[in-house]
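Chain residues, written in single-letter form:
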Amino acid sequence: MRGLLMKDFYMLLEMKKFAGMMAVIGLLLLITNSGGEGFVISYMTIMSAFMVLSTLSQDEGGKGIQFLLTLPVTRKIYVKEKYCLGLLNGIGFWLVSAVVVGIVTAVRNRGTAPVDFIWECLLYLTVLFAMLALMLPVQLKYGGEKGRLVIVIAVAVILCVAIGSAKFMERANVDASGTVEWIAAHSVFSYGLLVAVLLALLWISYRISLHVMEKKQY
């Protein structure tokens, strides 16, 4: 798997223009404070997940998967490597952006408590887990353009459900303040539970991806 990781990291290095554009957009968002400093962290983390999808597209486009499977590389190792790549790349972008945003926030003296900032950053990290759990099985199943279309539709559906639920609760006069206060009072437990759920989803996603890969004909 080490060789596959090296291959994919070299492929990601070839995307330096895209990464540079991400950095420029992130800096502009940070300078203009569009969406708040924390938005930059979520933006960089999410975009790093999309970078991993490009390695799948390149493998499929150049018949790279067929070649890799002639080497001592099993389908299980290939799938496992993509999840490891997604986590390593995403955590790397998340960490760098969190450090930069933390420094800028401290310089601007926003009055944000360090503990609150750390919790906010950790919350953005969970977005990476959710994105990988959703995108990798879809991309392996449908590939290239169709896979991206399915991902966009899935994300749109999730957003619509979330917004619709919020609107429904608002119209039904459902008071969620008590739940929010409980979560805030038990932040460690709540975050731990969220991470546990997302890790479980990531494992299920991995098993689905493995099943898709084993059934796929090349």
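- The name that an unreviewed UniProt entry assigns to the protein is ABC-2 family transporter protein, with the source organism given as Blautia hydrogenotrophica.

**Concerning the packing of aromatic side chains**
Then comes step 1: Evaluation of the coordinates by the stated rule reveals 2 aromatic pairs.
Then comes step 2: A ring pair is formed by Tyr83 and Tyr206, whose centres lie 5.7 Å apart and whose planes are at 85 degrees; its orientation type is edge-to-face. Linking Tyr83 in helix H5 (residues 75-108) with Tyr206 in helix H9 (residues 187-215), this pair joins segments that are 123 residues apart in sequence. The pair formed by Tyr83 and Tyr206 is uniform in burial state, with each residue classed as buried.
Then comes step 3: Ring geometry for Trp203 versus Tyr206: centroids 5.4 Å apart, planes at 35 degrees, classification tilted. Of the two residues, Trp203 and Tyr206 are both situated in helix H9; the distance of 3 residues between them amounts to about one turn of the helix.
Then comes step 4: Ring-pair connections join several aromatic residues into one group, and the members of that group are Tyr83, Trp203 and Tyr206.

**Remarks on the UniProt feature "transmembrane region" (unreviewed entry) in the protein**
Then comes step 1: In this numbering, the UniProt entry assigns the feature "transmembrane region" (unreviewed entry) to residues 12-32, 83-105, 117-137, 149-168 and 188-206.
Then comes step 2: Span residues 12-32 is 90% helix and 0% strand, its end C-alpha atoms 28 Å apart.
Then comes step 3: When the span residues 83-105 is considered, its composition is 100% helix and 0% strand, and the gap between its end C-alpha atoms is 32 Å.

**Some details on a nonpolar patch on the surface**
Then comes step 1: On the surface, Phe189, Leu193, Val197, Leu201, Trp203, Ile204 and Ile208 cluster together into a nonpolar patch covering about 690 Å² of accessible area.
Then comes step 2: Structurally, the position occupied by Leu193 is in helix H9.

**Structural notes on the pattern of salt bridges**
Pairing between side chains of opposite charge can happen when their charged atoms approach one another.
Then comes step 1: Going through the model one piece at a time under the given rule, you end up with 3 salt bridges.
Then comes step 2: The partner of Lys7 in a salt bridge is Asp8, with the nearest N and O atoms 2.6 Å apart.
Then comes step 3: Overall, the relative accessible area of 23% leaves Lys7 in the partly exposed class.
Then comes step 4: Its salt-bridge partner being Lys82, residue Glu81 comes within 4.0 Å of it at the nearest N-O pair.
Then comes step 5: Connected through shared salt-bridge partners, Lys7, Asp8, Glu81 and Lys82 make up one network.

Rules of the game
Residues numbered from 1 in each chain as written. Predicted model: local features only at pLDDT ≥ 70, side-chain atom pairs only at ≥ 80, totals over all residues. Heavy atoms only, no water. Phe/Tyr/Trp six-rings, centres within 6.5 Å; stacked < 30°, edge-to-face > 60°. Helix = DSSP H or I, 4+ residues; strand = E, 2+ residues; numbered from the N terminus. Buried < 20%, exposed > 50% of the residue type's maximum accessible area, 1.4 Å probe, protein only. UniProt positions renumbered as here; feature names shortened; annotations may be inferred. Patch = residues over 30% accessible without salt bridge, like charges linked within 9 Å, V, L, I, M, F, W, Y side chains within 5 Å. Areas by Shrake-Rupley, 256 points an atom, 1.4 Å probe, with all protein chains shown as cover. Salt bridge = Lys/Arg side-chain N within 4 Å of Asp/Glu carboxyl O.

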